[in-house]
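# A structural walkthrough
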Amino acid sequence: MKKLLIPIIILLYALLPPTAVAQQNEDLLSLIGDDAKVKKEFVKYAFKSPRVINGHSMEFLAPGTMDFRILHRFGEINQGFQNFFGLDQASMRMGFDFGITRNLMAGIGRSTYKKELDAFVKYAPLMQSTGSKPFPVTVALVAGMTANTLPWADATIENYFSSRLAYYYQIIIGRKFNESFTLQLAPTMVHNNLVPLSSQPNDVFALGFGGRFKLSKRIAFTWDYFHLMNGIQQDVNTHPLSLGIDIETGGHVFQLHLSNAVGMNERAFVTETTGRWDKGQLRFGFNLSRVFQIKKRAEKI
Amino acid sequence: MMKQLIHATVAFMLLSLQADAQSRFFTKTGRIKFDATVPKSPEAIAGVNNAVICVMDTKNGNIQFSAVMKSFEFKAALMEEHFNENYVESNKFPKAEFRGSVTNNNTVDYAKDGSYKVKVKGNLTMHGETKEVETDGEIIVRGEILEAKATFTAALSDYKVKVPQLVADKVSQTAKIIVECSLQPLK
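As the structure is a prediction and not an experimental result, all values here were calculated from the model.

### Focus: the overall build of chain B
- Helix and strand content of chain B: two helices and nine strands.
- Mapped from its N terminus to its C terminus, chain B presents α and β elements in the order α-β-β-β-β-α-β-β-β-β-β.
- Within chain B, the fraction of its 187 residues that count as buried is 50%.
- Excluding contacts between residues fewer than 6 apart, the proportion of contacts in chain B whose partners are at least 24 apart in sequence is 58%.
- Of the accessible surface of chain B, which amounts to about 9,500 Å², a share of 57% is contributed by carbon and sulfur atoms.

This is the structure in structure tokens:
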């Protein structure tokens, strides 16, 4: 038995490849712990823009950036060639949105429709994340107000400034399911201080459904629908539905879409959408978004 | 006699293992900068990653790098978004890796302080594509610290990174890659 041991040891040495050769293909990186898998990471780029089409999206602007937005809604397409399928009539909104922190942004805008000013604050107490302590959805809260600056309809009566104002509140619950698919729910409440008809409610509740499906790296199909729970009046207003295509060109995001809504702030498109899809009362529209870096980032380069 | 032989063998094996351990150096805070700026670029198209992992075995010159793509930082948030979303697709291909070796490792005296010119050759994997890369670099030995430096260029098309027609004249088709790592002994 003892005599066998020496040949066995020699054999073992002969069979084992020389250490230097063995290490040629050695995975040195595996010797180091991988922190990347443990680190908490917020899910980004659920949408190309902080707006789905009309409504707010679960996406936030990066801190220190400003999004200059120019929105156009044209006339109804069914007007035919005489009005060039609605393109003769444009309604627009110009807006400036600011990214303040990772989960806080604010913006202002003005629409030609009802000469309305609007402003909002959007804050996410919870954000979708992966890694340690992951969270499945982003929850964002939006509060905004609008101010109609049209001349008073009846200047002979006593008018109050508060009559010009409306408010909206929204909870956005959204999830980026994968690289191409994002879905969000947005329960919304709009409060009008003054409504034109006594039969109309001051408070309108709606449930928003927004989503994105990426068709390629730079092109995505988007939809944005608000289902009104109350305040629908036969032949007056209806639920706003918009279907669009997001095109990212390198510096700009173009959001082209078809919609039955003409308003470009929450008060206007939730409570005052008059066109109907089933009657072909659709409008072509686009949002143009250009993001500028306004605050310099820490110099690390 | 037999027991002594076994002891000697085991001791020898342990010794050689220990020698291996001391020949390895690493960092988790290495730096890789890339620059794809051309004269027509409106701003510097450059990003930097300060969390690069690098491990080197001085005994055989093997050197490996790993960089998390999302750790590249840019001066403009939008550039960072485009980098991750459109160019390197960092969700699909989260890491870039280099696995290679110093081909003239025997000319470097790791026991003696100084600067040594080296040649590095290996495979760079990025955006799901692997290409052989060969470059000149420098290893600076300073006590227990090794500094590894190299600069090379990579053609974006080699790694199937497409620059859209619209910005083709504003983004370089080749990226200059600058590597700087300060390695400590791996214990």
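Next comes the rest of the account.
### What about empty space enclosed by the protein?
All names here are of chain A.
- Per the counting criterion, the structure on display carries one cavity of 30 Å³ or more.
- The computed volume of the largest cavity comes to approximately 30 Å³.
- Taken together, Val52, Gly55, His56, Gln184, Ala186, Gly208, Phe209, Gly210, Asp224 and Phe226 make up the lining of the largest cavity.
- When contributions to the lining of the largest cavity are tallied by element, the ones reaching two or more residues are strand E9 (181-192), strand E10 (203-214) and strand E11 (219-228).
- The element contributing the most residues to the lining of the largest cavity is E10, with three residues.

### Here's the deal with helix H2 (residues 77-87) of chain B
Residue and element names in this part refer to chain B.
- H2 sits mainly inside the fold: eleven of its eleven residues count as buried.
- Residues Ala77, Leu78, Met79, Glu80, Glu81, His82, Phe83, Asn84, Glu85, Asn86 and Tyr87 constitute the buried set of H2.
- Among the residues trailing H2, glutamate 89 stands out with phi positive, at a value near 50°.

About the thresholds
- Residues numbered from 1 in each chain as written.
- Chains lettered and ligands numbered in written order.
- Predicted model: local features only at pLDDT ≥ 70, side-chain atom pairs only at ≥ 80, totals over all residues.
- Heavy atoms only, no water.
- Helix = DSSP H or I, 4+ residues; strand = E, 2+ residues; numbered from the N terminus.
- Buried < 20%, exposed > 50% of the residue type's maximum accessible area, 1.4 Å probe, protein only.
- Contact = heavy atoms within 4.5 Å.
- Areas by Shrake-Rupley, 256 points an atom, 1.4 Å probe, with all protein chains shown as cover.
- 1 Å grid on protein atoms, 1.4 Å probe; cavity = no way out; pocket = protein on both sides within 12 Å on 5 of 7 lines; lining within 4 Å.
- Points joined across faces, edges and corners; volume = space filled by probe spheres on them.

Distances and angles like these do not, on their own, reveal function.
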